[in-house]
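One letter stands for each residue in the lines below.
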Amino acid sequence: MKIAIFGVGAMGSVYAGLLADAGNEVWAVDPWQDHLEAIAARGLRVEGASGDRMVTGIHVARDPAELPVVELVIIATKASAVGEAARALAPCLGPETLILTIQNGLGAGERIGQFMDTRNVILGVADGFGASMTGPGHVHHNAMKLIRIGEMGGGLTPRLEALAALWQAAGFNVKAFADINQLIWEKFLCNVTLSAPCTVFDCTVGELMANEAAWAVALGCTREAHAIGMAKGIAFSFDDPVAYVTAFASAMPNARPSMLLDHIAGRRSEIDAINGIVPELGEDLGIATPYNQTLSAIVRVKEARFP
């Protein structure tokens, strides 16, 4: 299958390496010139839970206009860049090209919908990869637990099952779900609980949980997001959101959320799609969100000081 991957940072590089190694024609699209040059010259080294391999034959492009028409587009950018990617990918789209977008937070499908019809858009949620770039042309991942995919409008379709099979053939644990929005929201609760709180308090997940006052703030973020999800009719698989996020967080005490890692590196984060979107949704529904509003403001002030 011809596949274009927009955004070959850590997660996108894992996708590109394994899908290409399984025999697919993969095009990597990214502005990071050194990374693209390393892939073109030596190949892409993928190291970690999936083994240690050097994958050659991946095509690279900075300009989407260089791409052929493909059968699958994977948007693996940060949430803030989804709209830009959607605007840029028109040259490689055919009438039946599927677009799979895999991001943290909410709103990826809606951002794509600003630029095109979403009939062929599939939503994805990736859990438990722990991926990071070792350097240009070299990605490492600690695990590869699960990728969940689903139709924007819900339901299990033949094309969704075929897409899951494509990823499974490349070694990924991928499952198709009829209600992807439930799963996106359940991960969103975990993101909201850990992302801005760990970033503001500059701590690991375990340190956040060990500090009674900080953990109370984090759970305040959880409760606000859960109340909004309930008001929007999300069919959560649990009754107690605090117990759910506590169990999730307890399994990764040494982890630092990607938002905190962005700040350590001096990069702007995905705050607008995670804690930052909670006050927006709350305002529309008449639900107060003081915890998320305050932490989002602090994160944005910090980011305004970045070079």
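Basis of the calculations
- Residues numbered from 1 in each chain as written.
- Predicted model: local features only at pLDDT ≥ 70, side-chain atom pairs only at ≥ 80, totals over all residues.
- Heavy atoms only, no water.
- Helix = DSSP H or I, 4+ residues; strand = E, 2+ residues; numbered from the N terminus.
- Rg over C-alpha atoms; globule rule 2.2 N^0.38 Å.
- Buried < 20%, exposed > 50% of the residue type's maximum accessible area, 1.4 Å probe, protein only.
- Contact = heavy atoms within 4.5 Å.
- Areas by Shrake-Rupley, 256 points an atom, 1.4 Å probe, with all protein chains shown as cover.
- Lys, Arg positive; Asp, Glu negative; His and termini not counted.
- Charge placed at Lys NZ, Arg CZ, Asp CG, Glu CD.
- 1 Å grid on protein atoms, 1.4 Å probe; cavity = no way out; pocket = protein on both sides within 12 Å on 5 of 7 lines; lining within 4 Å.
- Points joined across faces, edges and corners; volume = space filled by probe spheres on them.
- Nonpolar A, V, L, I, M, F, W, Y, C, P; charged D, E, K, R; others polar.
- Core = buried A, V, L, I, M, F, W, Y, C linked by side-chain atoms within 4.5 Å.
- Pairing = 2+ DSSP bridges.
- Axes fitted to C-alpha atoms, helices over the stretch in contact; angles between N-to-C directions.
- Salt bridge = Lys/Arg side-chain N within 4 Å of Asp/Glu carboxyl O.

S.K.: Sorry if this is basic, but what is going on with the overall build of the protein here?
M.R.: Scanning the protein from N- to C-terminus turns up twelve helices and twelve strands. The C-alpha atoms of the protein give a radius of gyration of 19 Å, which matches the 19 Å a tight globule of 307 residues would have. The principal-axis extent of the C-alpha atoms belonging to the protein is close to 50 × 40 × 35 Å. Here the protein, with 307 residues, has 52% of them falling under the buried criterion. When contacts within the protein are restricted to residue pairs at least 6 apart in sequence, long-range pairs at least 24 apart make up 69% of them. If you sum the accessible surface of the protein, you get close to 13100 Å²; carbon and sulfur atoms cover 52% of it. With 22 positive and 32 negative side-chain charges, the protein shows a separation of 3 Å between the mean positions of the two kinds.

S.K.: Would you mind going over the layout of surface pockets with me for this structure?
M.R.: Think of a ball as big as a water molecule: rolled over the atoms, this probe shows where empty space is left. Estimated volume of the second largest pocket: approximately 350 Å³. If you list the elements that add at least two residues to the lining of the second largest pocket, you get α4 (108-113), β8 (121-127), α6 (180-201) and α11 (277-285). Counted by class, the lining of the second largest pocket contains ten nonpolar, seven polar and two charged residues.

S.K.: Looking at this model, I keep getting lost on the nonpolar core. Mind explaining?
M.R.: Counting residues in hydrophobic clusters, the biggest one holds 57 residues, and the most contacted among them are Phe6 and Val73. The dominant element in this core, judged by the number of residues it contributes, is α6, at twelve residues. Excluding residues that lie within four positions of it along the chain, Val73 makes contacts with Ala4, Phe6, Leu89, Cys92, Leu93, Thr97, Leu98, Ile99 and Leu100. With 39 residues, the next largest nonpolar core counts Val139, Leu160, Leu166 and Phe172 among its residues.

S.K.: Help me understand the sheet that holds strand β4 (residues 51-55) in this model?
M.R.: Strand pairs in the sheet, formed through backbone hydrogen bonds, run parallel or antiparallel to each other. In space, the four strands of this open sheet follow the order β4-β3-β10-β9, with mixed pairing throughout. Of all the strands in the sheet, just β4 and β9 (131-135) have a single pairing partner and so form its edges. The sheet shows a mean angle of 20° between the axes of neighbouring strands, direction not considered. Note: strand β3 (residues 44-48) against strand β10 (residues 138-141), four bridges, orientation parallel. Counted as the bridge partner of Val46 is Val139 from β10.

S.K.: I keep staring at unusual backbone geometry and nothing clicks. Help me out?
M.R.: The phi angle of most residues is negative, glycine excepted, and most peptide bonds adopt the trans form. The backbone phi angle of Asp202 is positive, close to 50°, even though this residue is not glycine. Here Asp202 lies in the loop between α6 and α7 (205-210).

S.K.: Sorry if this is basic, but what is going on with the pattern of salt bridges here?
M.R.: Side-chain pairs of opposite charge can arise whenever the charged atoms involved come near each other. On inspection of all chains with the given rule, the structure shows nine salt bridges. Between Arg45 and Glu47 there is a salt bridge; the shortest N-O distance is 3.6 Å. When its relative accessible area of 22% is taken as the criterion, Glu47 is described as partly exposed. Across the pair Asp127 and Lys187 runs a salt bridge, and its minimum N-O distance is 3.8 Å. Residue Asp127 is located in strand β8, and its partner Lys187 is located in helix α6; the two are separated by 60 residues in the primary sequence. The same class applies to Asp127 and to Lys187, which are both buried. Here the residues in one salt-bridge network are Arg45, Glu47 and Asp52, joined through shared partners.

S.K.: I keep staring at the sheet that holds strand β2 (residues 25-29) and nothing clicks. Help me out?
M.R.: What the eight strands build is an open sheet, ordered β5-β2-β1-β6-β7-β8-β11-β12; its pairing is mixed. The sheet is open, and its two borders are formed by β5 (59-61) and β12 (174-176), each paired with just one other strand. Taking each pair of neighbouring strands and ignoring which way they run, the sheet shows an average axis angle of 25°. Bridge count between strand β1 (residues 2-6) and β2: five bridges; the pairing is parallel. Pairing of Phe6 across the sheet is with Val29, part of β2.

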